[in-house]
Amino acid sequence: MPGPADPAGGRRPRLPSSEFAVRARALGYRVGGLCVALLGGFALLVGALALAAVPSLIKDERAFADATPCATGSPSHADCLRDLDATVKRTVIRDQPKTAEYTLYLDGPGRVPSEIDMGGAGPLLKRLRPGDKVTVTVWRDYAVEVRRGDVAQTSSDTPVGEPRITCVIGLGLIPVGAFGLYAGGSAVWSARRHSARGRGLPPEFLGWGKTAGAIALCAAAAGALTAAADTNVPVMLLVWLALLVPVWWITGRRWRSDRARRAGRFA
């Protein structure tokens, strides 16, 4: 059904260029906001799942610390350190800063993994050659150590440190995901109002985004500090909370300063 016609020319009236620009920006806000909200919700979910897994990982780390060598004739499912024989297929040692790789490829019985990340070239990996016989110590699904003669090397495939790394991931993803969900949902819900302001992001988006990023950086810093000190997750959480105090103080001051500046601009 034809729309209203222009009395002078019989054509549909055109929107003013400013109104068309506002509608185009509103559409962009809705599309972009929906994508950001979905990504934020996914990050929030992954972060929550990561934190939920931390207690179980702590139990695994403690169980590994208490594990003892398997006794003769112990069942295959026993929660102990089991030695298995394997043969070296090849080694990969790449000492480059951005693409470092220290991988040992093995051939052995079912519980021996086909490859192990050794974490470094020494003391054993750099000495191994194809065909060498080695002993691999396994615990549950981890290959924790490789030994040949009197030389042994601990691999990177252990549960040690996994609770801390997982906690850092969770603490980093949750604030970023929450901000994405908030910013994306606000962009979709209030697209018309935001687009009428003109180009650029609303000031509150920038403020909350910086705060979320700072919280995530505090989690990374707390993880790095406690890893260097070889401490546990509770200590890491205390360090993280301590780092949040100056972050909240600095961001609070900046927010108050920005609001006062905007209020003075429109006074």
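Each remark here, short or long, concerns the structure printed above.
In this report, the structure presented in the accompanying data block is examined. Please read these numbers as outputs of a predicted model, since none were measured by experiment.

**Side note on the overall build of the chain**
Assigned secondary structure in the chain consists of five helices and six strands. Counting from the amino terminus, the chain carries its helices and strands in the arrangement α-β-β-β-β-β-β-α-α-α-α. Looking at the chain as a whole, 33% of its 267 residues are labelled buried. Taking as baseline every contact in the chain between residues at least 6 positions apart, the subset at least 24 positions apart corresponds to 61%. For the chain, the accessible area works out to roughly 16600 Å², and carbon and sulfur atoms hold 62% of it.

**Quick look at the pairing of strand 5 (residues 142–148)**
Bridge analysis of strand 4 (residues 133–139) against strand 5 gives five bridges, and the strand direction is antiparallel. Across the sheet, the residue bridging to Thr135 is Arg147, located in strand 5. Counted between consecutive antiparallel strands, the loop separating strand 4 from strand 5 contains two residues, among which Arg140 sits at a positive phi close to 55 degrees. Sheet topology places strand 5 next to strand 6 (residues 151–154); four bridges connect them, and they run antiparallel. Bridging across to strand 6, Val146 finds its partner in Gln153.

**Brief notes about the sheet that holds strand 6**
With antiparallel pairing, six strands are arranged side by side in an open sheet as 3-2-1-4-5-6. The open sheet is flanked by strand 3 (115–117) and strand 6, the only strands paired with a single partner. Ignoring which end each strand starts from, the neighbouring axes of this sheet average 40 degrees apart.

**A few points about the state of the cysteines**
Applying the stated criterion to the full structure yields one disulfide. Bridging Cys70 to Cys80, the disulfide has an S-S length of 1.8 Å. Since a negative S-S torsion denotes a left-handed disulfide, the Cys70-Cys80 link at about 95 degrees is right-handed. Taken together, the positions of Cys70 in the loop between helix 1 (17–66) and strand 1 (82–94) and Cys80 in the loop between helix 1 and strand 1 put the pair ten residues apart, joining distant regions of the chain. For Cys80, a relative accessible area of 11% translates into the label buried.

**As for the nonpolar core**
By size, the foremost hydrophobic cluster in this structure holds 18 residues, and its most contacted members are Leu104, Leu106, Ile116, Val134, Val136 and Val146. Elements with a contribution of two residues or more to this core: strand 1, strand 2 (101–107), strand 4 and strand 5. The contacts of Leu106, once residues within four sequence positions are left out, are Ala86, Thr87, Val88, Lys89, Val112, Pro113, Ser114, Ile116, Val134 and Val136. In this structure, Cys167, Ala214, Ile215 and Ala219 belong to the second largest nonpolar core, which totals 14 residues.

**Considerations on the side chain of Asp132**
Mapped onto the elements of the fold, Asp132 is located in the loop between strand 3 and strand 4. For Asp132, a relative accessible area of 14% corresponds to the buried category. At 2.7 Å, the side chain of Asp132 forms a polar contact with the backbone nitrogen of Arg129. Beyond its immediate sequence surroundings of up to four residues, Asp132 is in contact with Ala86, Thr87, Val88, Arg127 and Arg148.

Thresholds, definitions, all that
Residues numbered from 1 in each chain as written. Predicted model: local features only at pLDDT ≥ 70, side-chain atom pairs only at ≥ 80, totals over all residues. Heavy atoms only, no water. Helix = DSSP H or I, 4+ residues; strand = E, 2+ residues; numbered from the N terminus. Buried < 20%, exposed > 50% of the residue type's maximum accessible area, 1.4 Å probe, protein only. Contact = heavy atoms within 4.5 Å. Areas by Shrake-Rupley, 256 points an atom, 1.4 Å probe, with all protein chains shown as cover. Pairing = 2+ DSSP bridges. Axes fitted to C-alpha atoms, helices over the stretch in contact; angles between N-to-C directions. Disulfide = S-S within 2.5 Å. Core = buried A, V, L, I, M, F, W, Y, C linked by side-chain atoms within 4.5 Å. Polar contact = N/O pair within 3.5 Å; in protein donor to acceptor, adjacent residues only side chain to side chain.

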